[in-house]
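Breakdown of the fold
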Amino acid sequence: MASRKTLKKNIKNITGELFADCVVLSMCEGADRPALEQLMAETLALNTEYVTRISHTERGSEKLFYRKLRTEFAEKAAALGERIVAL
């Protein structure tokens, strides 16, 4: 199992990349700014939610907890990425 510090760093990097994509798209002419601002807010909320969840690990079932956390984060990040690309 990777350390909690590394996992938090990975989550911050992924959400940072998603946020950067939104910023770049918002600079384009004809961009849907309200939709991009909503996606930026969702990206920040995703980061906060998962970093907070890592800080409060369930005792006794750590492997299951982290496996579930990783799969949920991957699904939500992929869905958010698809929504960014669709704009």
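Residues numbered from 1 in each chain as written. Predicted model: local features only at pLDDT ≥ 70, side-chain atom pairs only at ≥ 80, totals over all residues. Heavy atoms only, no water.

What follows is about the packing of aromatic side chains. Per the counting criterion, the structure on display carries two aromatic pairs. A ring pair is formed by Y50 and F73, whose centres lie 5.4 Å apart and whose planes are at 70°; its orientation type is edge-to-face. Of this pair, Y50 sits in helix α2 (residues 33-55) while F73 sits in helix α3 (residues 62-86), and the two are 23 residues apart along the sequence. In terms of burial, Y50 and F73 fall into one category: buried. With a centroid separation of 5.2 Å and an interplanar angle of 75°, the aromatic rings of F65 and Y66 are classed as edge-to-face. Accessibility assignment for this pair places F65 and Y66 in one class, buried. (Phe/Tyr/Trp six-rings, centres within 6.5 Å; stacked < 30°, edge-to-face > 60°. Helix = DSSP H or I, 4+ residues; strand = E, 2+ residues; numbered from the N terminus. Buried < 20%, exposed > 50% of the residue type's maximum accessible area, 1.4 Å probe, protein only.)

Right, let's get into the pattern of salt bridges. One pass over the structure, following the stated rule, counts four salt bridges. E49 serves as the salt-bridge partner of R53, at 3.9 Å between the closest nitrogen and oxygen. Of this pair, R53 and E49 both sit in helix α2, four residues apart, which is roughly one turn of that helix. On the accessibility criterion, R53 (23% relative accessible area) is partly exposed. Between E72 and R53 there is a salt bridge, with its nearest N and O atoms 2.8 Å apart. With E72 in helix α3 and R53 in helix α2, this residue pair connects regions lying 19 residues apart in the sequence. Since its relative accessible area comes to 22%, E72 is described here as partly exposed. (Salt bridge = Lys/Arg side-chain N within 4 Å of Asp/Glu carboxyl O.)

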